[in-house]
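# Coordinate inspection notes
Below, each chain spelled out in residue letters.
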Amino acid sequence: MPPPAMAYLNHLRFTAMQCRAMPRTGLFEACALLKTTQAETKQAYATALMRCLNEALGQRARLHAPGVAELTFDELWLLQLGSASATGDTLSLQFLLKSRVAHEHRRLVSFLIHQIVRCFPLD
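Every chain is numbered on its own, with residues counted from 1 as its sequence reads. Two thresholds apply to this predicted model, a pLDDT of at least 70 for residue-level local features and 80 or more for giving and counting side-chain atom pairs, whereas whole-chain, interface and lining totals are computed over all residues. To get the side-chain values, take all heavy atoms of the structure and skip hydrogens and water.

### Some thoughts on the packing of aromatic side chains
Ring pairs are drawn from Phe, Tyr and Trp, using the six-membered ring of Trp, whenever the two centres fall within 6.5 Å, and their geometry is named by plane angle: stacked under 30 degrees, edge-to-face over 60, tilted for the rest. Within the structure shown, the criterion is met by zero aromatic pairs. Here R100 stacks its cationic end above the ring of W77, 5.1 Å away from the centre of that ring. We count a charge as sitting over a ring when the NZ of a lysine or the CZ of an arginine lies within 6 Å of the ring centre and within 35 degrees of the ring normal.

Here's what the structure looks like:
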């Protein structure tokens, strides 16, 4: 068996081992989880961020309704976080994350912000 084919097979085997402890799902449900358009992807990442933000911050995030001109501290922080991600300012990004996000959640929040910012021209 050629090395690339073996690597592919080993990857599938390793993934199968990891999935043994996970609940089973139907093929339709599994495919429905895959996002094919940029809008769906953007929405999926944004939803994930908003669903975990309270836990990541250790308190309830305050956000105004769409269209409100006033910014809360949490909204300003999210804007600064997005701007730092968009411009590649890793020092500011790390500072912003360390200032408010629990250590165990920083990687996830950073990943979600990076993915969301890819869909928006913040730089």
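There is more to say, and it comes next.
### Considerations on helix 6 (residues 106–117)
Runs of H or I in DSSP of at least four residues are treated as helices and runs of E of at least two as strands, each being numbered from the N terminus. Helix span, expected: 1.5 Å multiplied by one less than the number of residues in the helix. For helix 6, built from 12 residues, the straight-helix expectation of 16 Å at 1.5 Å per residue is met to within 8% by its first-to-last C-alpha distance of 16 Å. Three or more residues of helix 6 are buried, namely V109, S110, L112, I113, Q115, I116 and V117. Three exposure classes are used, based on accessible area relative to the maximum for each residue type with a 1.4 Å probe and protein chains only: buried under 20%, partly exposed in between, and exposed over 50%.

### Details of the confidence of the model for the protein chain
Scored by pLDDT, the protein chain comes out at a mean of 77, with 64% of its residues at no less than 70. Confidence scores per residue from the predictor, reported as pLDDT, run from 0 to 100. Of all helices and strands in the protein chain, the one with the weakest mean pLDDT is helix 2 (residues 27–33) (48), whereas helix 5 (residues 90–100) scores best (97).

### Notes on the packing of helix 4 (residues 73–87) against helix 6
To obtain an axis, a line is fitted to C-alpha atoms, over the contacting stretch when the element is a helix, and the angle between two such axes runs from 0 to 180 degrees between their N-to-C directions. Packing of helix 4 against helix 6 leaves a shortest axis separation of 9 Å and a crossing angle of 70°. Here helix 4 lies roughly perpendicular to helix 6, going by the angle between them. Residues L81, G82, S85 and A86 of helix 4 lie in contact with helix 6, whose contacting residues are V109, I113, H114 and V117. Along the lines of polarity and charge, the residues of the contact of helix 4 with helix 6 split into five nonpolar, three polar and no charged. An angle below 35 degrees is read as roughly parallel, one above 145 as roughly antiparallel, one from 65 to 115 as roughly perpendicular, and any other as oblique. Contact definition: two residues touch when any of their heavy atoms are within 4.5 Å. For this classification, the nonpolar set comprises Ala, Val, Leu, Ile, Met, Phe, Trp, Tyr, Cys and Pro, the charged set comprises Asp, Glu, Lys and Arg, and every other residue, Gly included, is treated as polar.

### A word on the nonpolar core
Nonpolar side chains in soluble globular proteins tend to end up buried together. By nonpolar core we mean a set of buried residues, namely Ala, Val, Leu, Ile, Met, Phe, Trp, Tyr and Cys, connected to one another through side-chain atoms within 4.5 Å. Ranked by internal contacts, the top residues of the largest apolar core, which has 19 residues, are L49, W77, L81, V101 and V109. Among the elements of the structure, helix 3 (38–57), helix 4, helix 5 and helix 6 are those that each provide at least two residues to this core. With sequence-adjacent residues up to four places away left out, W77 is seen in contact with L53, L57, L96, S99, R100 and V101.

### Quick look at helix 4
Its 15 residues place the ends of helix 4 21 Å apart at the C-alpha level, agreeing with the 21 Å of an ideal helix rising 1.5 Å per residue. Of the positions making up helix 4, those classed as buried are D74, E75, W77, L78, L81, G82, A84 and S85. One or two steps after helix 4, the chain reaches G88, where phi turns positive at roughly 75°.

### Observations regarding the pattern of salt bridges
Any carboxyl oxygen of Asp or Glu within 4 Å of a side-chain nitrogen of Lys or Arg constitutes a salt bridge here. Within the structure shown, the criterion is met by one salt bridge. Linking D74 and R100 is a salt bridge whose minimum nitrogen-to-oxygen distance equals 2.6 Å. Of this pair, D74 sits in helix 4 while R100 sits in helix 5, placing them 26 residues apart in sequence. Take D74: its relative accessible area is 6%, and that puts it in the buried class. Since its relative accessible area comes to 14%, R100 is described here as buried.

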